[in-house]
Amino acid sequence: MKVYLDNASTTNVSKEVYKAMKPYFLEDFGNPSSLHQEGIKTRKTINSSRKKIAKLLHCDSSELHFTSCGTESINWALKGLAFNNQIKGEIITTKIEHHATLHTCEFLESLGYIVHYLTVDNEGFIDLEQLKATINDNTLVVSVIMANNEIGTIQDMKEIAKICMDHSTYLHVDAVQVAGHIPLNLSELGADLVSFSGHKFHAPKGIGLLYIKKGTHLTNLLHGGQQENGMRPGTENVPYIVGLTKALECSIDDIGEYQNKLRTYTKYIKEQLDKANIDYVINGPNDEAKRLPGNLNISFKNVDGGSLVYYLNKAHIYVSTGSACDSKSIQPSHVIKAINVPKDYINATIRISVGNINTFEEIAYATKELIRILQEEQIEND
Amino acid sequence: MKEKIRITKAGVPVYEGKILNVPMKKSYLKTRSIEMFDDDDPCIIHQSYIVKEFSDQIIEALKKSINHTILYTDYKSLFEVLDREDVMELQIELME
């Protein structure tokens, strides 16, 4: 049995999405900028797609801009604001952002911006008092990952948005892990910029979205034609735009049922680990409501994480490690370090991310194999 | 992969320690990386995967062998990965 438990890394393109996209590769391939029947058809498709997404996310369609991926959206949001701004010189973000944000901030630091990295507690929550103490009249933007990609922590966006609003500071939200997984209402979120990525919710890789609230001005990253109101030039990726739209529609249709299913599965895994007396800690919130459904980031005591993932892979169970590499060594990831995972556990961190494609039989098999491997490793440690 | 092994030459230990730390030929890391990832310059995580795969093969061979000991003649391709000139004269055993 093959069990894919790495859905936070990427998801498969669903059958519905694939079916919706297919005609735009083979038949309706016209350039949306062309003024003939084929171009008009695809132009209409893009406009309709944008309107559908706007309705699903509760915003105006003119506020949505298609990009190539989440990383591009994040880069555009932060650099676009910075390049457009001539006055404010500080940025606030957190220590547990995705590298798309962290490395963009590092780049902006090299241009002279002062970047503040907020600490988080051991469940990955931002210290709101630290945010209040750090934000000031010189703060251009606060950039926060709404749901962490590694440990699934869902931040208190309402409170963060209020603090930003009180200080007239832009708020950029990295919602890459959120869309399609938890309900999202952009009219209530209080964000000025929100980044999305299609492949995290069954659209293909290579399509993203940036929400830019009316009145927020960004400098272009790319220069060229008039696509996306001249703000993001390049011939539109019509099949993928259709795919993104369909994926969002499908995910929002059954989001409650989806969340329940995933939470049942992660609860089962934890119960089985407890029954087998496995020594582990859960990274991220204990409160299920504050954690992304399907996310289970676990560290095991005195086990080598690399070997664990190797043996899981050998048993055809696919999960992620909580590690990152530099040129010479393998280290716990910046997120795992930031939440201060205990020393005895930090080197054996795995992220299980259950998705809609998984069945109970798969979860039962994967859990059984995980316990078997851990017990073998533990015996060897004794 | 916490197993420890002993490599001996004419009864004299030339390596004792964790299987994952056994010195491997750099050329094997590159060849296997090209086979697996089509990557001439693998990052440390990919290199470590190749090391684990090799270690796993040694462990499997040791566990199914009599006295948990293997000889060059039976596992030529595995011994050739070791970063030594005298692989033909070596034997590997699993340490308890």
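None of these values were measured; they are calculated from a predicted model.

(A) The overall build of chain A, seen in detail. Within chain A, the secondary structure is distributed over 13 helices and 15 strands. Taking 382 residues into account, the globule formula puts the C-alpha radius of gyration at 21 Å, and chain A, at 22 Å, falls close to it. Looking at the 382 residues of chain A, the share that counts as buried comes to 47%. Pairs at least 24 residues apart make up 73% of the contacts formed inside chain A by residues separated by at least 6 positions.

(B) Looking closely at the overall build of chain B. The helix and strand inventory of chain B stands at three helices and four strands. Each helix and strand of chain B, placed in order from N terminus to C terminus, yields the pattern β-β-α-α-β-α-β. For chain B, whose C-alpha radius of gyration is 13 Å, the value lies close to the compact-globule estimate of 12 Å for 96 residues. Here the C-alpha coordinates of chain B stretch approximately 40 × 25 × 20 Å along the principal axes. Put simply, chain B has 96 residues, and 18% of those count as buried.

(C) Main features of helix 5 (residues 99-110) of chain A. All names here are of chain A. When the terminal C-alpha atoms of helix 5 are compared, their 16 Å separation across 12 residues agrees well with the 16 Å that a helix rising 1.5 Å per residue should span. By the burial criterion, the buried members of helix 5 are A100, T101, T104, C105 and L108. Down the axis of helix 5, the buried set is contained in an arc of 125°. They therefore lie on one face. Those residues of helix 5 that are exposed and angled more than 90 degrees off the buried face are E106, E109 and S110. Contacts from the buried residues of helix 5 go to helix 4 (70-84), strand 3 (90-94), strand 4 (114-118), strand 5 (139-145) and strand 6 (170-174).

(D) Highlighting the sheet that holds strand 10 (residues 295-300) of chain A. Residues and elements named next belong to chain A. As summarised here, the arrangement of the four strands in space is 9-10-15-12, forming an open sheet in which the pairing is antiparallel. Strand pairing shows two members of the sheet lacking a second neighbour, strand 9 (280-283) and strand 12 (320-321), which therefore form its edges. Direction of pairing for strand 10 relative to strand 15 (residues 349-353): antiparallel, over a ladder of five bridges. Within strand 15, the residue paired with S299 across the bridge is T349. Against the sheet, helix 11 (residues 305-314) engages strand 12 and strand 15, with an angle of about 40° to strand 15.

(E) Structural context of the sheet that holds strand 4 (residues 90-95) of chain B. Residue and element names in this part refer to chain B. Here we have four strands laid out as an open sheet, ordered 2-1-4-3, and antiparallel in their pairing. Among the strands making up the open sheet, the edge pair consists of strand 2 (12-18) and strand 3 (69-71). Pairwise comparison of adjacent strand axes, ignoring direction, gives a mean angle of 20° for this sheet. Of the strands in this sheet, strand 1 (4-9), strand 3 and strand 4 touch helix 2 (residues 44-64), which is tilted by about 80° from strand 4.

(F) Here's a closer look at the nonpolar core. In this structure, M146(A), V173(A), A175(A), V194(A) and Y211(A) are the most contacted members of the largest nonpolar core, which totals 103 residues. Of the residues forming this core, the biggest block, eight residues, is contributed by helix 9 (residues 238-253) of chain A. In this structure A175(A) touches M146(A), L184(A), V194(A), S195(A) and F196(A), once residues within four positions along its chain are discounted. Counting residues in hydrophobic clusters, the runner-up holds 12 residues, among them I5(B), F54(B), L62(B) and L82(B).

(G) Expanded view of unusual backbone geometry. Notably, H316(A) is not glycine yet its phi reads approximately 65°, a positive angle. With respect to the secondary-structure elements, H316(A) resides in the loop between helix 11 and strand 11 (317-318). Residue H316(A) is classed as partly exposed on the basis of its C-beta count, with 13 C-beta atoms lying within 10 Å. A positive phi angle is found at N67(B), which is not glycine, with a value near 60°.

(H) Summary view of the packing of helix 4 of chain A against helix 5 of chain A. Residues and elements named next belong to chain A. Close contact between helix 4 and helix 5 brings their axes to 9 Å; oriented N to C, the two are set at 30°. Judged by the angle between their axes, helix 4 and helix 5 are roughly parallel. For the crossing formed where helix 4 meets helix 5, the hand is right-handed. Touching G70, T71, I74, N75, L78, K79 and A82 of helix 4 are A100, T101, T104, C105 and L108, all from helix 5.

(I) Structural context of the pairing of strand 8 (residues 208-212) of chain A. Residues and elements named next belong to chain A. Along strand 8, five of the five residues are buried, which leaves the element largely enclosed by surrounding structure. Alternating positions in strand 8 separate into two faces, G208, L210 and I212 on one and L209 and Y211 on the other, with burial throughout. Of the strand pairs in this sheet, strand 2 (residues 64-67) and strand 8 are connected by four bridges, and their pairing is antiparallel. If you follow L64 over to strand 8, its bridge partner there is Y211. Two elements, strand 7 (residues 193-197) and strand 8, share five bridges in a ladder whose sense is antiparallel. Considered in strand 8, the bridge of S197 is made with G208.

How each quantity is defined
Here the residue numbering is sequential within each chain, running from 1 through the sequence in written order. For this description, chains carry letters from A and ligands carry numbers from 1, given in the order in which they are written. Two thresholds apply to this predicted model, a pLDDT of at least 70 for residue-level local features and 80 or more for giving and counting side-chain atom pairs, whereas whole-chain, interface and lining totals are computed over all residues. The secondary structure listing takes helices from DSSP runs of H or I that are at least 4 residues long and strands from runs of E that are at least 2 residues long, numbered from the N terminus. Restricting the calculation to C-alpha atoms gives the radius of gyration, and the globule rule supplies 2.2 Å times the number of residues raised to the power 0.38. Here a residue counts as buried when 20 or more other C-beta atoms sit within 10 Å of its C-beta, as exposed when there are 12 or fewer, and as partly exposed otherwise, the C-beta atoms being derived from the backbone. Any residue pair is listed as a contact if its two C-beta atoms, each placed from the backbone, are within 7 Å. Take the residue count of a helix, subtract one, and multiply by 1.5 Å to get its expected span. What the arc covers is the set of directions going from the helix axis to the C-beta atoms. DSSP calls a pair of strands paired once it identifies at least 2 bridges connecting them. Lines fitted to the C-alpha atoms define the axes, with helices restricted to the stretch that makes contact. Angles between their N-to-C directions range from 0 to 180 degrees. One nonpolar core equals one set of buried Ala, Val, Leu, Ile, Met, Phe, Trp, Tyr and Cys residues connected by C-beta atoms within 7 Å. For classification purposes, an angle smaller than 35 degrees is called roughly parallel, one larger than 145 roughly antiparallel, one from 65 to 115 roughly perpendicular, and anything else oblique. Crossing handedness is read from the near helix: turned anticlockwise from the far helix by less than a right angle, it gives a left-handed crossing, and turned clockwise, a right-handed one.

Note that all results are geometric; they support no functional claim without further evidence.
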